[in-house]
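This is what each chain is made of:
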Amino acid sequence: MLFQTVISRYFARQYLTWFFSVFAVFVFLIGIFDVVELLRRSSGKDNVTIGIVLQMSALKMPLLIQDLAPFIVLISAMLAFWWMAKANELVIARSAGLSPWQIIGPVISIALIAGVVQILLLNPLAARLNAQFERIETEYLRRQDSQLALAASGFWLRQAGEDNVVVLHGGKVSGDELEVSDVMVLIMDRTGAFLSRIDAETAYLQPGAWQLRDAWVKDADGRRTFTKVYDLPTDMTVEKIRESFASADTISFWDLPGFIDTLTNSGFSAVEHRLRLHSLLSTPLLFCAMVLAAAIFSLRANRRSGAAYMIVGGISIGFIFFFVTRIVHAIGLSTEIPVVMAAWSPAIAMSLFGLATLLHLEDG
């Protein structure tokens, strides 16, 4: 029992060493490529300095690491198993009576803990920093003049025109063409001075204008007039409004359930955010599945062709998993399959594949 405890700690320590080494390499490579991409996007914009580019890259880094974490787990596990197999440490452990599952167990335990840490700690940090990144990106690179925010009482939409600023508040939304109930519109000049207020029963987003029905218009002098139909010019579209919502990447795991409820109560689709929530919940299982996949290609890497077998197999399983996950998530976003199935099926499928293959290789 003491021997098993000592050897398990040794395997766990070996894996942690490789994990942090691979993590550092990923951070370095991601930082270089991201800075180059941001420099390309900011070329020709004199107000974007190298300091702003480096700040944007640092803010985006936790999110990129979070998205690539399964591959960090996979590669570090492959290298750890391969190194121990190359040094004949796995052979000695097997000769001492340890089964492959006792060898893999400590690594799976660390992967499971890493998945929980990513959900509870890394994701909230990445979401907060990515929200700051998107604000800076909007200010310096996108130059968007419209903003949208959700609240328990409905949604607020701000749009800046050439001569005025329009702030629209709506209650519940229904229909694919955005039928908004209980509408209140404030129109101000560019300095913030009040110009008029419009209260309407409903508003419909038409090409080039909000069509307000049964509207009362109050001007700066306090005069109120009623109009059956009032057209408020806008360049917004249904797609632009939906894209203006806070992306799922900017909302932490702790805030996602409440935001999903707010979206649903306001009449907007919350498919993307529910998919993100369940994908985060499946992270610990996914990390364990990556360790099982790594064990398939690395436990027997002490043979002459072991290194090539490990590299080709690991890269192949990584690419296959990446593309399958993207396809399944796209199908889930289109609501062709349930969101829960789209989020959990890649992790479950990878886990079953790893277990079945290891059982076949080790236990016949």
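Since this is a predicted model, take the numbers as computed values, not measurements.

Engineer: Got a minute to help me understand the overall build of the protein chain in this structure?
Structural biologist: Helices and strands together make up the secondary structure of the protein chain, namely 10 helices and eight strands. Each of the 364 residues in the protein chain was classed as buried or not, and the buried ones make up 45%. For the protein chain, contacts bridging at least 24 residues in sequence account for 61% of all contacts bridging at least 6. Summed over all atoms, the accessible surface of the protein chain reaches about 19,100 Å², with 62% contributed by carbon and sulfur.

Engineer: Help me understand a nonpolar patch on the surface in this model?
Structural biologist: On the surface, a cluster of nonpolar side chains totalling about 750 Å² of accessible area is made up of Ile311, Val312, Ile315, Phe319, Phe322, Phe323, Ile327 and Ile331. For Ile331, the location among the structural elements is in helix α9 (residues 306-333). A residue is classified by how much of its surface remains accessible, and Ile331, at 32% relative accessible area, is partly exposed.

Engineer: It is not clear to me how the pairing of strand β7 (residues 209-219) should be interpreted in this structure. Could you clarify?
Structural biologist: On a regular strand, each side chain points to the face opposite its neighbour's, so the side chains alternate between the two faces of the sheet. Alignment of strand β6 (residues 194-206) against β7, held across 10 bridges, turns out to be antiparallel. Its bridge partner being in β7, Leu205 is matched across the sheet by Trp210. Here β6 hands over to β7 after two residues, with Gly208 in that stretch at a positive phi of 90°. Where β7 folds back on strand β8 (residues 224-233), the antiparallel hairpin that results is connected by four residues, among which Gly222 adopts a positive phi of roughly 90°.

Engineer: What's the story with the nonpolar core in this structure? I'm lost.
Structural biologist: Side chains of a nonpolar character, in soluble globular proteins, are inclined to be buried together. Formed by 47 residues in total, the largest nonpolar core has its most connected members in Phe11, Tyr15, Val73, Phe81, Ile104 and Val291. Going through the elements one at a time, α1 (2-42), α2 (50-86), α3 (89-95), α4 (100-142), α8 (283-298), α9 and α10 (339-363) are the ones with two or more residues in this core. Broken down by element, this core gets its largest block of residues, 13 residues, from α2. Among all residues touching Phe11, those that are not within four sequence positions of it are Met84, Leu90, Ala93, Leu98, Ile103, Pro106 and Val107. Grouped together as the second largest cluster of nonpolar side chains are 33 residues, Val166, Leu168, Val173 and Met236 included.

Engineer: I'm lost on the pattern of salt bridges in this one. Help?
Structural biologist: Side-chain pairs of opposite charge can arise where the charged atoms are in close proximity. Per the counting criterion, the structure on display carries eight salt bridges. For Lys228, the salt bridge is made with Asp214, and the minimal N-O distance between the two is 3.0 Å. Here the residue Lys228 occupies a position in strand β8, and Asp214 occupies one in strand β7, the gap between them amounting to 14 residues. Exposure remark for Lys228: the relative accessible area of 55% places this residue in the exposed category. Overall, Asp214 belongs to the partly exposed group, its relative accessible area being 26%. Here Asp219 ties to Arg223 by a salt bridge, and the two come within 3.1 Å at their closest N and O atoms.

Engineer: What exactly am I supposed to notice about unusual backbone geometry here?
Structural biologist: Trans is the common state for peptide bonds, and a negative phi is the common state for residues other than glycine. For Asp214, which is not a glycine, the phi torsion comes out positive at approximately 50°. In this structure, Thr335 is a non-glycine residue whose phi angle is positive, near 60°. Here Thr335 is to be found in the loop between α9 and α10. Judged by its relative accessible area of 54%, Thr335 is exposed.

Parameters and conventions
Residues numbered from 1 in each chain as written. Predicted model: local features only at pLDDT ≥ 70, side-chain atom pairs only at ≥ 80, totals over all residues. Heavy atoms only, no water. Helix = DSSP H or I, 4+ residues; strand = E, 2+ residues; numbered from the N terminus. Buried < 20%, exposed > 50% of the residue type's maximum accessible area, 1.4 Å probe, protein only. Contact = heavy atoms within 4.5 Å. Areas by Shrake-Rupley, 256 points an atom, 1.4 Å probe, with all protein chains shown as cover. Patch = residues over 30% accessible without salt bridge, like charges linked within 9 Å, V, L, I, M, F, W, Y side chains within 5 Å. Salt bridge = Lys/Arg side-chain N within 4 Å of Asp/Glu carboxyl O. Pairing = 2+ DSSP bridges. Core = buried A, V, L, I, M, F, W, Y, C linked by side-chain atoms within 4.5 Å.

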